[in-house]
Structures are given as C-alpha cells and as structure tokens.
Amino acid sequence: IAIDAAGRKTVREECIGLLAPRGVWVGVAHGEGLCLESVSREFIPRELTLTASEYFAFHELHENLPLLLENREYLAPILTHRFGVSDIQHAFELFFKGETGKVIIEQ
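Every value quoted in this text rests on a predicted model; they were computed, and no experiment measured them.

Thresholds applied
- Residues numbered from 1 in each chain as written.
- Predicted model: local features only at pLDDT ≥ 70, side-chain atom pairs only at ≥ 80, totals over all residues.
- Heavy atoms only, no water.
- Patch = residues over 30% accessible without salt bridge, like charges linked within 9 Å, V, L, I, M, F, W, Y side chains within 5 Å.
- Areas by Shrake-Rupley, 256 points an atom, 1.4 Å probe, with all protein chains shown as cover.
- Salt bridge = Lys/Arg side-chain N within 4 Å of Asp/Glu carboxyl O.
- Helix = DSSP H or I, 4+ residues; strand = E, 2+ residues; numbered from the N terminus.
- Buried < 20%, exposed > 50% of the residue type's maximum accessible area, 1.4 Å probe, protein only.
- Arc of directions from axis to C-beta.
- Pairing = 2+ DSSP bridges.
- Contact = heavy atoms within 4.5 Å.
- Axes fitted to C-alpha atoms, helices over the stretch in contact; angles between N-to-C directions.

S.K.: It is not clear to me how a nonpolar patch on the surface should be interpreted in this structure. Could you clarify?
M.R.: Taken together, the side chains of Val85, Ile88, Phe92, Phe95, Phe96 and Ile105 present a nonpolar region at the surface, about 550 Å² in accessible area. When residues in the nonpolar patch are grouped by element, the largest group, four residues, is from helix H5 (residues 88-96). Along the chain, isoleucine 105 turns up in strand E5 (residues 102-106). Given a relative accessible area of 36%, isoleucine 105 falls into the partly exposed group.

S.K.: When you look at helix H1 (residues 9-18) in this model, what are you seeing that I'm missing?
M.R.: Residue pairs three or four apart in sequence face the same way in an α-helix, which turns once every 3.6 residues. Along H1, the residues that are buried comprise Arg12, Cys15 and Ile16. Buried residues of H1, viewed axially, fall in a sector of 95°; they line one side. In this structure, H1 carries Thr10, Glu14, Gly17 and Leu18 as exposed residues pointing more than 90 degrees from its buried face.

S.K.: So what exactly am I meant to see when it comes to the pairing of strand E4 (residues 79-84) here?
M.R.: Regular strands place side chains that alternate from one sheet face to the opposite one. Pairing of E4 with E5 involves five bridges; the strand directions are parallel. Looking at E5, one finds that arginine 82 is bridged to isoleucine 104.

S.K.: So what exactly am I meant to see when it comes to the environment of phenylalanine 95 here?
M.R.: Looking at where phenylalanine 95 falls in the secondary structure, it is placed in helix H5. When its relative accessible area of 31% is taken as the criterion, phenylalanine 95 is described as partly exposed. Separated by 34 residues in sequence, phenylalanine 95 and leucine 61 place their C-alpha atoms 24 Å apart. Residues contacting phenylalanine 95, with those up to four places away along its chain left out, are Thr100, Gly101 and Val103.

S.K.: Explanation requested: the sheet that holds strand E1 (residues 2-4) in the structure shown.
M.R.: What links the strands of a sheet is backbone hydrogen bonding, and the strands pair in either a parallel or an antiparallel sense. Strand order in this open sheet of three strands is E1-E2-E3, and the pairing throughout is parallel. At either end of the open sheet lies a strand with only one pairing partner, and these are E1 and strand E3 (49-52). Mean inter-strand twist for the sheet, computed between neighbouring axes without regard to direction, equals 20°. In the sheet, strand E2 (residues 24-27) pairs with E3 via four bridges, with the strands oriented parallel. Each residue of the ladder has a partner; that of valine 26, found in E3, is threonine 51. Each of E1 and E2 touches H1; the most contacted strand, E1, lies at about 175° to it.

See below:
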C-alpha cells in the first residue's frame, strides 16, 4: 500500500512505482492530475487498485477526531506550516507553489 498525501505528480509516480503487483495506491490529496495513460500502463498490467478520498465532511468530525488525535505523532511530519487566519493568502500562495506540506489555518 502507498498513501499519497501530497497531490504531486512526482510523489504519485514514486508511490505507484514502489507498489508490488496487486498493490493499493491511496490518494488523499489532489493536484496534478492522474492521466489515463498511467492507468493503462501501470494499473491494469500490475492489477493495482486505486482508492481516493479528498476529505471527510464536517458531520464526520466526531468519528474522525479520535483517530487524528491518536495518530498526531505519525501525522506531525506532514504538517509543515501553521498560519493565522490573517495570513491565509500567504499560506495559499506557499502551498500552491509547492513550498509546504500540509498547512493548518488557526484562529
């Protein structure tokens, strides 16, 4: 299994390349697109599985919060920046330039 939380083409290609036959690629981010050519070239012959999720809905927070809190140490390396609401524009600019990992906006 390979989990892509970056949504970047290079990361996705590396994840897919590392999978063994019948492996599973999980995309929990989006960004640079996954093209049909890579599906036919990589997924079909190697019998790979793709599953994806962009987010969980607000009403699911009560179910997911304990999981997030229990795995805080594991998740910490991908949370690279924290910004206040007043700096949200700068946060988006850095994120879309690819200069951050996951960004947290705090009040």
